[in-house]
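Chain by chain, the residues:
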Amino acid sequence: MGARTELLRALRKGVAGQGWDVAIVGGGATGLGCAVDAASRGYSTILLEAHDFAKGTSSRATKLVHGGVRYLAQGNLSLVREALSERAVLLANAPHQVRPLRFVVPTYRWHQMPVLGAGLGFYDLLAGRDSLGRSRVLGRDATCEALPGVRRDGLHGGIAYWDAQFDDAGLAIALARTSEDLGALPLNYMAVEGLAKDSGRICGVDARDAETGEHFRLPARCVINATGVWADGLRQMDRPGKRGLIRPSQGVHLVVDADFLPGSDALLVPDTEDGRVLFVIPWFDKLVIGTTDTPRDELPLEPRALEAEIDFILATAARYLGRAPGREDVRSVFAGLRPLVGGDGGGSTAGLSREHLVEVSDSGLVTITGGKWTTYRRMAIDAVDVAARTGNLPNRASATLHQRLHGAGLADARRRLATAHALPDEAGIRLAVESEYARTVEDVLARRYRTLFLDAAQACAEAPAVARTMAGLLGQDSAWVAAQVARFEALAAGYRVLGDASAGARLQPADQ
Ligand SMILES: Cc1cc2nc3c(=O)[nH]c(=O)nc-3n(C[C@H](O)[C@H](O)[C@H](O)COP(=O)(O)OP(=O)(O)OC[C@H]3O[C@@H](n4cnc5c(N)ncnc54)[C@H](O)[C@@H]3O)c2cc1C
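Just so we're clear, the structure is a prediction, and the values are computed from it rather than from any experiment.

J.: So what's going on with the overall build of the chain? Residues and values would help.
T.: Of the regular secondary structure elements, the chain holds 15 helices and 19 strands. Taken over the C-alpha atoms alone, the chain extends approximately 70 × 50 × 45 Å along its principal axes. Put simply, the chain has 512 residues, and 53% of those count as buried. The contacts in the chain between residues at least 6 apart in sequence include a share of 72% that link residues at least 24 apart.

Dropping the structure here:
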């Protein structure tokens, strides 16, 4: 399916019939993972996303499927082990979206070598049979060969290790399609505005179609709140005044041309000045450099990079690259909000790892939050286990361990991470609209194709042609085309960096 009219028809049929076993609110990694999991158990499942799938944090990640060397340094071994085993599951079930990637840590101080070598050796050990290749100490020449753009001055050598990389928005769409293959109903542009209750227990959701304004009451035996950094909004619909759980932290990435670090390996700096990890990663035919960790209070749908974050990334990259990118070299900048669990919201919690949390409210709202992309499948198992008990559903086990994701058997040029990013052509736009839920120019240029994230100016140049093709497919007129192009250009302004920060910072987009 994937076409909205058919999805809405199925929605009306569900309302007229029994409703659903499971209603999931939020169409990012967590919610889509829950939809696949619930449907794999044979529960009738509906998922409602207010905007587009992966519009939130799930299209703004560093795009690593990884155990996390940072968590290793923090001693969070169970999390690293869990993530490494999920890495193996993802490589097996979604080979069209995920690929192994070698990382090299360049060392400029002798004492770094044994410490890093031991740490990454331990990473191999934790991976066990899920290892993608052993970590290796590299001499100076081998390091320069692996990272042709690395700063050579003072370089001693490096350590190479293996992890994996993916296209986050691509994986999200594959999950939506997989959930549909398993019988679920995933709907984007359908915002949940309220929770239906019967004698104090949640018995469904009130949703509104963002395109038509039509309101739906959708009965469900249990409701999962998978709204990421916005999770407190739904928790407060359930119980007004409830204390917040989420402490959002912003992370920013810059995208530059690949010739600043040619080659196929990624570069990792394990200890930046602010105690973070910095990655320079080949992604399609560009490099993604990030990230930052800035506490934020607001929860905008389109978070904007702070000038200080851009400057920090460029200054840190300059210490490790022979030829450093400047502001004028940045093709795109994107920011995302990590849904870190930081508060005590009260209520009974079923904390299942230090990284993610499942909470059940007195009225039965199941909230799943925190965690990371890599572990979305484990998070989904935990959330659906709890939801099934809460909704008195028949006890059935998750069947996602060997579930291949939609498209796993297809060679899709658009998704080949190691090669040039294809631009949307007519056939690709048709596929996006008819089979991948795309409704707007932004859906196509930001998430079905990653053009906006790779090169904001190029994305703007593509927008009119994409809009015209989409209008033909969706039965829209020239006014729609003009409005879509204007809206996209305003959005894309926020992904561009002006050469001179002091001259008044970046272009400010219209509010999304
Ligand atoms: C900078 C950065 C880098 C990261 N890098 C990595 C990485 O390399 N690897 C990794 O494994 N993880 C990474 N992560 C973590 C990972 O991206 C997140 O944990 C994950 O994407 C969160 O997914 P989510 O579904 O919980 O939230 P989201 O993706 O934000 O999804 C929540 C959705 O809920 C929707 N919503 C909100 N309210 C409503 C409503 N009322 N009705 C309907 N829908 C609603 C929103 O529109 C949104 O789409 C990174 C995170 C950040 C910020």
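J.: So, the environment of Gly121: which residues are in play, and what are the values?
T.: Tracing the backbone shows Gly121 in helix H5 (residues 112-127). On a C-alpha basis, the gap between Gly121 and Phe284 in space is 29 Å, while along the polypeptide they are 163 residues apart.

J.: Outline the pairing of strand E11 (residues 246-257), supporting the account with residue identities and numerical values.
T.: Consecutive side chains along a regular strand alternate between the two faces of the sheet. Counting buried residues in E11 gives nine out of twelve residues, a clear majority hidden from the surface. The pairing of E11 with strand E15 (residues 294-295) spans two bridges and is classified as antiparallel. Across the sheet, the residue bridging to Ser249 is Pro295, located in E15. Bridging between E11 and strand E14 (residues 286-290) involves five bridges; their strand directions are antiparallel. Residue pairing across strands places Val255 opposite Val288, the latter belonging to E14.

J.: How would you sum up the domain arrangement of the chain? Please name residues and give values.
T.: Segmenting the chain into domains produces domain 1 (4-57 + 170-245 + 343-390), domain 2 (94-165 + 247-338) and domain 3 (423-503). When each unit is reduced to the centre of its C-alpha atoms, the spacing between domain 1 and domain 3 is 28 Å. Contacts between the two partners involve seven residues from domain 1, matched on the other side by six residues from domain 3. In terms of residue class, the side of domain 1 that touches domain 3 is made up of five nonpolar, one polar and one charged.

J.: I'd love a proper account of the packing of helix H11 (residues 426-435) against helix H14 (residues 456-474), names of residues and values included.
T.: Remark: H11 packs on H14, axes separated minimally by 10 Å, with the N-to-C direction vectors making an angle of 50 degrees. Considering their axes alone, H11 and H14 lie oblique with respect to each other. Between H11 and H14 lies a crossing whose hand is right-handed. Touching Glu426, Ile429, Arg430 and Val433 of H11 are Val466, Thr469, Met470, Leu473 and Leu474, all from H14. A breakdown of the residues in the contact of H11 with H14 according to their chemical character gives six nonpolar, one polar and two charged.

J.: An account of the site of the ligand is needed here, citing residue identities and associated values.
T.: What surrounds the ligand is a group of 39 residues, the closest being Gly26, Gly28, Gly56, Gly228 and Gly251. With four residues, strand E16 (residues 332-341) is the largest single contributor of residues to the shell around the ligand. When grouped by side-chain class, the residues that make up the shell around the ligand number 15 nonpolar, 18 polar and six charged. Formed jointly, the shell around the ligand draws a minimum of three residues from each of two domains, domain 1 (4-57 + 170-245 + 343-390) and domain 2 (94-165 + 247-338).

J.: Hey, could you go over the packing of H14 against helix H15 (residues 478-493) for me, with residue numbers and the actual values?
T.: The relative placement of two packed helices is expressed as an angle between their axes plus a distance between the axes. Look at H14 against H15: their axes get within 9 Å of each other, and the N-to-C directions meet at 160 degrees. Classed by the angle they form, the pair H14 and H15 counts as roughly antiparallel. Read as a crossing pair, H14 and H15 show a hand that is right-handed. On the side of H14, the interface is formed by Ala456, Ala459, Cys460, Ala463, Pro464, Ala467, Arg468 and Ala471, while H15 contributes Trp480, Val481, Gln484, Val485, Phe488, Glu489 and Ala492. A per-class count over the contact of H14 with H15 returns twelve nonpolar, one polar and two charged.

J.: Hey, could you go over helix H8 (residues 231-238) for me, with residue numbers and the actual values?
T.: Looking at H8, one finds that the buried residues are Ala231, Asp232, Leu234, Arg235 and Asp238. Viewed along the axis of H8, the buried residues span an arc of 160 degrees, placing them on a single side of the element.

Calculation rules
- Sequence order as written defines residue numbering, which begins from 1 separately in each chain.
- The predicted nature of this model means local features are confined to residues of pLDDT at least 70 and side-chain atom pairs, given and counted, to a pLDDT of 80 or more, with totals for whole chains, interfaces and linings taken over all residues.
- Secondary structure elements are taken from DSSP: a helix is a run of H or I of four residues or more, a strand is a run of E of two residues or more, and numbering for both begins at the N terminus.
- Exposed residues have 12 or fewer other C-beta atoms within 10 Å of their own C-beta, buried residues have 20 or more, and partly exposed residues fall in between, where C-beta atoms are placed from the backbone.
- Throughout, a residue-residue contact means that the two C-beta atoms, derived from backbone geometry, are no farther apart than 7 Å.
- Pairing between strands is defined by DSSP: at least two bridges between them are needed.
- Domain delimitation follows an automatic or database domain assignment.
- Residues are grouped as follows: nonpolar covers Ala, Val, Leu, Ile, Met, Phe, Trp, Tyr, Cys and Pro; charged covers Asp, Glu, Lys and Arg; every other residue, Gly included, is treated as polar.
- Lines fitted to C-alpha atoms define the axes, with helix axes restricted to the stretch in contact, and inter-axis angles between N-to-C directions lie between 0 and 180 degrees.
- The labels follow the angle: roughly parallel below 35 degrees, roughly antiparallel above 145, roughly perpendicular from 65 to 115, and oblique for the rest.
- Here a crossing is taken to be left-handed if its near helix is turned anticlockwise relative to the far helix by less than a right angle, and right-handed if that turn runs clockwise.
- Being near a molecule or strand means, for a residue, that its backbone-placed C-beta atom lies within 6 Å of it.
- To be clear, the arc concerns the directions from the helix axis to the C-beta atoms.

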